[in-house]
Amino acid sequence: MNRLPKFPAFALSALVLAWSVPAFAQDPSSTQEPDAQNQQTMQPAPGEAPPKPAGRGNPNFSDNGDAVTDSGIPIRPDSSTLTGVQVAGLGTQQERHSYIVPGVQFGNFFRSSTLEAPEVGNWNSTTFIAGNLSVLQQWSRAQFVMNYTGGGTFATDSIQGNGYYHQLQAQQTFEFRHAKLSFIDQFSYLPQAQFGFGVASPLAIAGIGGPLGPSLPALQTNYLPNQSIFDTVGSRYSNSATTELAAYISPRSTVTFSGSYGFLRFVEPGNIASNDAIFSLGYDYQVTKRDTVGILYRFTGYRYLGDPQKIDDHVVQLAYGRKVTGRAALQLFIGPEITEFHIPVNNESQRISISGGGNLTYAVSHTNFTIGYNHGVSAGSGAFAGSTADQINGSATRHLTRIWDGNINLGYARNRSLGGFVGTLSEPEVNSWFAGAGVQRPLGRTATASLAYTAFIENSFAGCSTGACIGYLQHQISVSFQWHLQPVVIE
């Protein structure tokens, strides 16, 4: 049975701090609604289904061209900066109240093989029983959002055993006249890799989810500890704590500073634990109402527990973004990457390559599409002390009937070791795929049930001259049920 590690001190202190700031953030003389930049749209983490725009159907547009919900409520535009740490969204419905929503969740994964030996057929199941909590607290110039899910896991596989399951996403923002300050924390404790976890089911996300779940943007792939290799064994916990300051230096220009610290730890031995420290500086220029260009510099320092290798990574990228509130959000990045090794790799202390990626979310005719791609150096996902990673995530959701929703999710990741094996025709490399589809429907106004299927495929080329050294196909069927109380208005 796995023991729950101590909760990261930063995450806990951030939550305490967030509740202690209303006197500072609130202007007693102000009666205006929260600023339009305080509401964001949740983007999917790797393997998640894309979010629904505000309201059940796709947005409509008023006579002046503004996006509105089916009931005519305005949609707040997304305010994330192009060169910032977060993924651009479609916008979200304006909320007039602060509230808390508690709930409970039950789910079950039926797998064709165990997590510890996925290449050997052995059907088993893992049950998840957890509590959910979502919080939205708004002031005139500040906002706090938190989504948390936590509980226990119970496996029929004696090797995996019973354990714990936790996911947390929290963000505190402050709006000033010429700046926006954000504190963001994302934590997870999972029995397997986060890449593809709970795909096509509510287990993939934190909080109550659905239209009542308060939303916050996802972090860009580069600012999260990479977990895109399936066969790293055992439970693991990761955290990413980020601070971002966006300074509006003119009506069209924004400078964004950010700092982030993340880590990935494993309960079981045999995996590589890592830390990363990230600093970035970006400049955005709004060319038109919908189009923005920018330039970004990002430094990442990777460090490993029990491994003397140290990696310093420098990236300079040109960026382009386009936003149409309620319809589309696009981000594109490309530029050179310089990687420095503390211990030379293949007699090289420095390597120059190309990095890049992009994110697209698009909504049309009761259907949402999202796709993301990233190429560049990563910490190594617990299998390598540094890797060149390519990661693609795509998903689509559609309203099938008045009450049924369907979704499709695809993902691919390739991690190639930065070290390589001497005397082989190929560098150590792991290729991971997942593909899943599911349906869900509400049961009244406070409950949701879902059913999904996912296939996981992985091939490992560990210094082999030909063919895959290890390969497997794993099937997973998931069922889940969520129930929550009606929102408790706190302001």
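Thresholds applied
Residues numbered from 1 in each chain as written. Predicted model: local features only at pLDDT ≥ 70, side-chain atom pairs only at ≥ 80, totals over all residues. Heavy atoms only, no water. Core = buried A, V, L, I, M, F, W, Y, C linked by side-chain atoms within 4.5 Å. Buried < 20%, exposed > 50% of the residue type's maximum accessible area, 1.4 Å probe, protein only. Helix = DSSP H or I, 4+ residues; strand = E, 2+ residues; numbered from the N terminus. Patch = residues over 30% accessible without salt bridge, like charges linked within 9 Å, V, L, I, M, F, W, Y side chains within 5 Å. Areas by Shrake-Rupley, 256 points an atom, 1.4 Å probe, with all protein chains shown as cover. Salt bridge = Lys/Arg side-chain N within 4 Å of Asp/Glu carboxyl O. Pairing = 2+ DSSP bridges. pLDDT = per-residue confidence, 0-100. Contact = heavy atoms within 4.5 Å.

(A) Spotlight on the nonpolar core. Judged by nonpolar contacts, V135, W139, A142, F144, M146, L168, A170, F174, F187, Y189, Y237 and F263 together constitute the single largest core of 12 residues. Among the secondary structure elements, those contributing two or more residues to this core are β7 (142-155), β8 (163-175) and β9 (179-190).

(B) Looking closely at a nonpolar patch on the surface. On the surface, I249, Y283, Y285, V287, V293, I295, Y297, V316, L318, I334 and I354 cluster together to form a nonpolar patch covering roughly 960 Å² of accessible area. Listing elements by their share of the nonpolar patch, those giving two or more residues are β12 (274-286), β13 (291-304) and β14 (310-324). The leading source of residues in the nonpolar patch is β13, at 3 residues. Structurally, the position occupied by I249 is in the loop between β10 (236-248) and β11 (253-266). Residue class for I249 comes out exposed when judged on its relative accessible area of 53%.

(C) View of the pairing of strand β17 (residues 367-378). Strand direction decides the pairing type here: strand β16 (residues 348-364) and β17, joined by 9 bridges, are antiparallel. Counterpart to G357 in the pairing with β17 is N374. In sequence, β16 turns back onto β17 through a hairpin of 2 residues, with S365 there showing a positive phi of about 45°. As defined by bridge partners, β17 adjoins strand β18 (residues 387-399) across 12 bridges and the pair is classed as antiparallel. Within β18, the position partnered with H375 by the bridge is D390.

(D) Structural view of the confidence of the model for the protein chain. Taken as a whole, the protein chain shows an average pLDDT of 84; of its residues, 82% reach a score of 70 or greater. Within the model, the stretch residues 420-425 combines pLDDT values under 50 with 8 contacts to residues more than four positions away or in other chains.

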